[in-house]
Amino acid sequence: MSTTWPTEFAARYRAAGYWRGQTFGALLTALGAAHAGRTAVVGDDARWTYAELDDRAHRVAAGLRDWGIRPGDRVVVQLPNVAEFVAAVFGLWRAGALPVFALPAHRETELRHFVTQSGAAAILTVGVYERHDHAATARAVADRVLAVDGAEYADLAATAPRGLPDPDPAGVAFLQLSGGSTGLPKLIPRTHDDYLYSVRESARICGLRPQSVYLAALPVAHNYPLSSPGVLGALHAGAKAVLAPRPDADTAFRLIEAERVTITGVVPPLAAAWAQAAARTRRDLSSLETLQVGGAKCGRELAERIGPALGCQLQQVFGMAEGLVCYTRLDDPAALVLGTQGRPISPDDEIRVTDPDDPAVEVAPGEVGALLTRGPYTIRGYWDRDAEAFTPDGFYRTGDLVRRLPSGHLEVVGRAKEQINRGGEKVAAAEVENHLMAHPDVLDAAVVGVPDEYLGERTCAYVVPVAGAAPSGADLRRFVRRRGVAAFTVPDLVRVVPEFPVTGVGKTSKRELRAALTAHATKG
Ligand code: J2J
């Protein structure tokens with residue numbers, strides 16, 4: 001089970017009004033009453049009012065109980081951006097179950113890991129979507145599988161609603177995925193209390209009101225489109241949440257025009273693509289007030305292009321599924337909006353910027369250091385433990401290198417963790433290396449990030465073959481793909497080399513080797 005906040009911190013967060021003892025199920029009941037006839041969720045397949053969403057989530061909850069889901073059960077949820085995601089997740093919450101949020105890109109290897117690590121009772125997924133049979137993959141991994149587009153689920157969602165006991169608001173509500181740096185993603189336990197605080201404040205900081213329209217362009221299970229302010233923030237404000245099946249400019253612009261979208265969030269490569277597409281679109285984007293850019297560093301040049309290209313304001317977002325989320329504020333001066341990744345949500349987000357080699361030593365104000373954080377919505381431990389990621393006094397080591405300005409805004413300048421940020425998709429070097437090392441021809445592998453104009457960086461695997469073997473890069477990429485992993489885990493580039501092309505590091509740690517290779521690869 002998870003490590004939770006020490007009693008004195010929990011008491012402080014409650015006294016400050018951050019944790020209010022409300023569950024997500026109770027929130028939806030309140031929203032259903034307050035905004036009954038207003039549109040809550042729009043997908044390609046559905047358009048529900050708050051009253052309809054509330055009713056559907058009640059039915060799904062009752063149906064899940066009848067199907068055998070018990071309070072406390074974990075259920076892996078792998079759903080694309082369909083309206084049913086929202087009903088199913090609230091249904092699980094009302095049934096007292098804990099969704100485990102897989103991404104649509106995940107495949108058998110990752111799903112099996114999530115089921116095993118969480119001890120999941122079932123997988124909730126979809127049938128064939130974007131040419132992949134998710135239900136078939138899920139069935140290879142778990143005995144109990146429900147596809148939201150299947151007949152069994154349709155029956156379940158027609159169950160008569162009934163009152164179910166509300167779970168403990170201080171208890172874990174769901175498991176989110178970490179970007180991971182040491183292997184497969186770790187599971188992040190978030191409570192109703194802590195997550196609702198971040199959602200509520202995010203909605204306020206982003207200026208959401210009942211007239212707002214939020215477009216989820218990115219996969220909605222990801223922490224950013226889910227909660228920063230995301231679909232949950234939109235619902236919290238009584239606004240309309242629109243789910244885009246794909247994040248490309250054509251799809252997004254069509255929905256922005258049709259639904260009069262006011263705010264959406266993207267990663268930097270998408271922001272660049274949208275800015276370019278906006279120059280020649282015939283769509284009316286005039287409703288758009290705010291484009292959030294986050295998940296990876298938005299460079300100055302791109303930041304300056306957003307406003308003029310899309311006719312809206314830019315908001316930078318620097319967040320993590322473990323907790324801490326920073327936003328540039330809507331009334332921040334241009335210098336901060338263009339040049340920083342924002343400041344934390346909460347006055348009680350504690351920030352430490354430390355010497356990367358000595359977490360006990362804080363760097364001088366304005367100097368670059370490793371970011372550590374602790375606060376009312378940042379976890380104190382992973383579900384599947386990794387004590388290394390936390391200091392003894394409970395600070396989460398983010399692995400990000402930042403500079404803190406006098407205003408409290410953070411500028412992300414780099415990374416100390418063994419992770420590649422592929423345009424917002426996080427790839428753990430060790431995970432890709434483990435897959436490559438499983439190949440009989442591979443003696444050693446080291447995966448690093450190389451600069452990429454579109455993605456910011458992409459993955460490059462250096463592979464040393466066993467004596468006499470000569471695997472090709474294409475073979476190795478195919479091999480990794482066939483192990484049943486998300487496409488973003490397959491290395492973009494593979495360099496098969498007789499020995500690592502850096503001297504003096506071959507026999508030391510993987511970390512040093514990766515650092516030397518990163519320098520080597522970046523030089524060309
Ligand atoms: C540089 N690096 C960034 C940024 C995240 C909101 C927004 C994003 C996420 C997210 C999220 C960055 N500039 N603007 O959960 O609620 C990198 C950092 C960070 C890691 C977390 C949210 N925004 N990053 O991206 O859990 O390295 O969350 O530690 O996927 O992404 O990744 P993730």
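If you check an unreviewed UniProt entry, the protein chain appears there as 2,3-dihydroxybenzoate-AMP ligase from Pilimelia terevasa. Regarding the protein chain, the UniProt comment filed under Sequence similarities (unreviewed entry) reads as follows: "Belongs to the ATP-dependent AMP-binding enzyme family."

Caption draft 1: A look at the side chain of Glu431. Residue placement: Glu431 occurs in helix H15 (residues 429–437). The buried charged residue Glu431 lacks any salt bridge, with Arg483 as its nearest oppositely charged partner at 8.9 Å.

Caption draft 2: A look at the sheet that holds strand E18 (residues 350–355). Strand order in the open sheet made by the 5 strands is E19-E18-E20-E21-E22, with antiparallel pairing throughout. Strands with a single pairing partner mark the edges of an open sheet, and in this sheet they are strand E19 (358–362) and strand E22 (410–415). With direction set aside, neighbouring strand axes in the sheet form an average angle of 55 degrees. Here E18 runs beside strand E20 (residues 368–374); their pairing, made up of 5 bridges, is antiparallel. In the strand pairing of E20, Val353 is matched with Leu371.

Caption draft 3: View of the packing of aromatic side chains. One pass over the structure, following the stated rule, counts 17 aromatic pairs. For the pair Phe9 and Tyr13, a centre-to-centre distance of 6.2 Å together with 55 degrees between the ring planes defines the contact as tilted. One end of the pair is Phe9 and the other is Tyr13, both in helix H1 (residues 7–15) and 4 residues apart, which spans about a single turn. We classify Phe9 as buried; its relative accessible area is 11%. Judged by its relative accessible area of 0%, Tyr13 is buried. Plain terms: the ring middles of Tyr382 and Phe390 are 5.7 Å apart, the flat faces sit at 65 degrees to each other, and that makes the pair edge-to-face. This pair shows no difference in class: Tyr382 is buried, exactly as Phe390 is. Here the aromatic residues Trp5, Phe9, Tyr13, Tyr18, Trp19, Tyr197 and Tyr377 are joined through ring pairs into a cluster of three or more.

Caption draft 4: The confidence of the model for the protein chain, seen in detail. Looking at the protein chain as a whole, its pLDDT mean stands at 96, while 98% of the residues score no less than 70. Per the prediction output, this complex has pTM 0.96; the corresponding ipTM is 1.00.

Caption draft 5: Structural detail: the UniProt feature "domain: AMP-dependent synthetase/ligase" (unreviewed entry) in the protein chain. Within the UniProt annotation, "domain: AMP-dependent synthetase/ligase" (unreviewed entry) is assigned to residues 33–383. Secondary structure across residues 33–383 divides into 34% helix and 25% strand, with the first and last C-alpha atoms of the span separated by 35 Å.

Caption draft 6: Representation of the pairing of strand E26 (residues 456–465) in the model. In terms of residue burial, E26 counts as a mostly covered element, since 8 of its 10 residues are buried. Examined bridge by bridge, strand E25 (residues 442–452) and E26 share 10 bridges and lie antiparallel to one another. For Val442, the partnering residue across the bridge sits in E26 and is Pro465. Counting the residues that bridge the hairpin from E25 to E26 gives 3 residues. Sheet topology places E26 next to strand E27 (residues 493–496); 4 bridges connect them, and they run parallel.

Caption draft 7: Representation of empty space enclosed by the protein within the structure. Tallying each qualifying case throughout the model produces 1 cavity of 30 Å³ or more. Estimates place the volume of the largest cavity at around 40 Å³. Looking at the lining of the largest cavity, the elements that each hand over two or more residues are helix H4 (84–94) and helix H10 (230–236). With 5 residues, the top contributor of residues to the lining of the largest cavity is H4. Of the residues contributing to the lining of the largest cavity, the split by class is 9 nonpolar, no polar and no charged.

Calculation criteria
- Within each chain, residue numbers correspond to sequence positions counted from 1 in written order.
- Residues qualify for local features only when their pLDDT is at least 70, as the model is predicted, and side-chain atom pairs are given and counted only at 80 or more; totals for whole chains, interfaces and linings, by contrast, use all residues.
- Excluded from the side-chain calculations are hydrogens and water; all other atoms, namely the structure's heavy atoms, are used.
- UniProt positions are given in the numbering used here, feature names are shortened, and annotations may be inferred rather than shown by experiment.
- In this text, helices come from DSSP runs of H or I with a minimum length of four residues, and strands from runs of E with a minimum of two, each type numbered from the N-terminal end.
- Burial classification: accessible surface area is computed with a 1.4 Å probe over protein chains only, and a residue below 20% of its type maximum counts as buried, one above 50% as exposed, and the rest as partly exposed.
- Positive charges are assigned to Lys and Arg, negative charges to Asp and Glu, while His and the chain termini are left out of the count.
- By convention in these notes, a salt bridge is any Lys or Arg side-chain nitrogen within 4 Å of a carboxyl oxygen on Asp or Glu.
- The criterion for strand pairing is that DSSP finds at least two bridges linking the strands in question.
- To get an axis, fit a line to the C-alpha atoms, keeping to the stretch in contact for a helix; angles then go from 0 to 180 degrees between the N-to-C directions.
- Stacked, edge-to-face and tilted labels apply to pairs of Phe, Tyr and Trp rings (six-membered ring for Trp) whose centres lie within 6.5 Å, assigned for plane angles under 30 degrees, over 60, and everything in between, in that order.
- The quantity known as pLDDT measures the predictor's confidence residue by residue, on a range of 0 to 100.
- Points on a 1 Å grid over protein atoms alone make up a cavity when a 1.4 Å probe fits among them but cannot get out, and a pocket when they form an open set with protein on both sides within 12 Å along at least five of seven lines; lining residues each have an atom within 4 Å of a point.
- Grid points are joined across faces, edges and corners, and a volume is the space filled by probe spheres set on the points.
- Residues are sorted three ways: Asp, Glu, Lys and Arg are charged, Ala, Val, Leu, Ile, Met, Phe, Trp, Tyr, Cys and Pro are nonpolar, and all the rest, Gly among them, are polar.

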